[in-house]
Amino acid sequence: MSSLVPTEFCPVYSPFFGVMGATSAIVFCCFGAAYGTAKAGVGLTSMGVLRPDLIIKGIVPIIMAGIIGIYGLVVSVLIGNGVQQQMSLYSGFIQLGAGLSVGLAGMAAGFAVGIVGDAGVRASAQQPRLFTGMILVLIFAEVLALYGLIVALILNTKASTSTC
């Protein structure tokens with residue numbers, strides 16, 4: 001093969017897209033996790049003033065928000081391990097797509113967990129029967145980030161099959 005083919009499909013800037021995928025995975029997931037933790041934490045402290053006995057029970061949304069950050073960390077590390085000095089443009093774009101899929105899904109899930117956690121913790125302090133419903137809605141919110149994680153893992157396996 002000609003030496004022109006590797007430079008056409010494997011330009012020097014290909015790793016940039018992989019690195020941006022790893023960056024977007026961790027940054028966007030941590031944005032969502034931070035917002036979810038902060039928003040649910042405000043609800044927990046407000047609820048804790050009147051019902052301090054329910055603080056441990058109300059910490060569930062904060063834990064669920066933190067898990068979203070772990071999703072971004074896992075994908076970011078996997079993408080980072082796949083970045084090479086000479087890689088195909090295809091691999092770089094796939095890694096960018098993987099990072100964006102988990103990152104943006106994680107950010108959306110973090111927002112949902114924070115809003116539901118804030119309102120749910122306050123409401124369950126006034127009516128304890130609402131706790132189960134709050135947990136179910138939190139699970140549905142958290143699974144959005146899990147969908148992004150699954151897509152990112154599938155995409156990342158496609159990136160590792162392409163070579164220069």
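Conventions and cut-offs
- Residues numbered from 1 in each chain as written.
- Predicted model: local features only at pLDDT ≥ 70, side-chain atom pairs only at ≥ 80, totals over all residues.
- Heavy atoms only, no water.
- Axes fitted to C-alpha atoms, helices over the stretch in contact; angles between N-to-C directions.
- Helix = DSSP H or I, 4+ residues; strand = E, 2+ residues; numbered from the N terminus.
- Parallel < 35°, antiparallel > 145°, perpendicular 65-115°, else oblique.
- Contact = heavy atoms within 4.5 Å.
- Nonpolar A, V, L, I, M, F, W, Y, C, P; charged D, E, K, R; others polar.
- Patch = residues over 30% accessible without salt bridge, like charges linked within 9 Å, V, L, I, M, F, W, Y side chains within 5 Å.
- Areas by Shrake-Rupley, 256 points an atom, 1.4 Å probe, with all protein chains shown as cover.
- Salt bridge = Lys/Arg side-chain N within 4 Å of Asp/Glu carboxyl O.
- Buried < 20%, exposed > 50% of the residue type's maximum accessible area, 1.4 Å probe, protein only.
- Expected span 1.5 Å × (residues − 1).
- Core = buried A, V, L, I, M, F, W, Y, C linked by side-chain atoms within 4.5 Å.
- Phe/Tyr/Trp six-rings, centres within 6.5 Å; stacked < 30°, edge-to-face > 60°.
- UniProt positions renumbered as here; feature names shortened; annotations may be inferred.

Focus: the packing of helix α3 (residues 60-82) against helix α4 (residues 89-126)
Consideration 1: The geometry of α3 relative to α4 is characterised by a closest axis approach of 8 Å and an angle of 175 degrees between their N-to-C directions. Compared by their axis directions, α3 and α4 come out roughly antiparallel. Residues Pro 61, Met 64, Ala 65, Ile 68, Tyr 71, Val 75, Ile 79 and Gly 82 of α3 form the contact with α4, whose own contacting residues are Gln 95, Ala 98, Gly 99, Val 102, Gly 106, Ala 109, Gly 110, Val 113, Gly 117 and Val 121.
Consideration 2: Of the residues belonging to the contact of α3 with α4, the class tally is 12 nonpolar, six polar and no charged.

Concerning a nonpolar patch on the surface
Consideration 1: Side chains of Ile 59, Ile 63, Ile 67, Ile 70, Val 74, Leu 78 and Leu 153 sit close together on the surface and give an oily, nonpolar patch of about 520 Å² of accessible area.
Consideration 2: Sorting elements by how many residues they give to the nonpolar patch places α3 first, with five residues.
Consideration 3: The class for Ile 70 is partly exposed, based on a relative accessible area of 47%.

Overview of the packing of helix α2 (residues 14-50) against α3
Consideration 1: Contact geometry for α2 and α3: axes closest at 8 Å, N-to-C directions at 175 degrees. Compared by their axis directions, α2 and α3 come out roughly antiparallel. Side by side, α2 and α3 meet where Gly 18, Gly 21, Ala 22, Ala 25, Ile 26, Cys 29, Ala 33, Gly 36, Thr 37, Ala 40, Gly 41 and Leu 44 of the first sit next to Pro 61, Ile 62, Ala 65, Gly 66, Ile 68, Gly 69, Gly 72, Leu 73, Val 75, Ser 76, Ile 79 and Gly 80 of the second.
Consideration 2: Its residues assigned to classes, the contact of α2 with α3 shows 14 nonpolar, 10 polar and no charged.

Topic: α3
An α-helical turn contains 3.6 residues, so any two residues separated by three or four positions project in the same direction.
Consideration 1: End to end, α3 covers 34 Å across 23 residues, agreeing with the expected 33 Å (1.5 Å per residue, within 8%).
Consideration 2: Of the residues making up α3, those classed as buried are Pro 61, Ile 62, Met 64, Ala 65, Ile 68, Gly 69, Tyr 71, Gly 72, Val 75, Ser 76 and Ile 79.
Consideration 3: Buried residues along α3 sit against α2, α4 and α5 (130-159).

Thoughts on the nonpolar core
Consideration 1: Formed by 28 residues in total, the largest nonpolar core has its most connected members in Met 47, Ile 68, Val 75, Val 102 and Val 113.
Consideration 2: For this core, the secondary-structure elements that each account for two or more residues are α2, α3, α4 and α5.
Consideration 3: Setting aside its immediate chain neighbours within four residues, Val 75 contacts Ala 25, Ala 98, Val 102, Leu 149 and Ala 152.

Regarding the side chain of Asn 156
Consideration 1: Within the secondary structure, Asn 156 is located in helix α5.
Consideration 2: Among residues more than four places away in sequence, those in contact with Asn 156 are Leu 78, Ile 79, Ile 94, Gln 95 and Ala 98.

Regarding the packing of aromatic side chains
Consideration 1: Applying the stated rule across the entire model yields five aromatic pairs.
Consideration 2: Centre to centre, the rings of Tyr 13 and Phe 17 are 6.3 Å apart; their planes meet at 75 degrees, and the pair counts as edge-to-face.
Consideration 3: Note on Tyr 13: relative accessible area 48%, which makes it partly exposed.
Consideration 4: Exposure remark for Phe 17: the relative accessible area of 18% places this residue in the buried category.
Consideration 5: Residues Phe 28 and Phe 31 carry aromatic rings whose centres are separated by 6.4 Å and whose planes lie at 50 degrees to one another, so their mutual orientation is tilted.

Brief notes about the UniProt feature "transmembrane region" (unreviewed entry) in the protein chain
Consideration 1: Per the UniProt record, "transmembrane region" (unreviewed entry) is found at residues 12-38, 59-80, 92-117 and 129-155.
Consideration 2: Structurally, residues 59-80 comprises 95% helix and 0% strand, and the distance from its first C-alpha atom to its last is 32 Å.
Consideration 3: As annotated, residues 129-155 has a helix share of 96% and a strand share of 0%, and its two end C-alpha atoms lie 41 Å apart.

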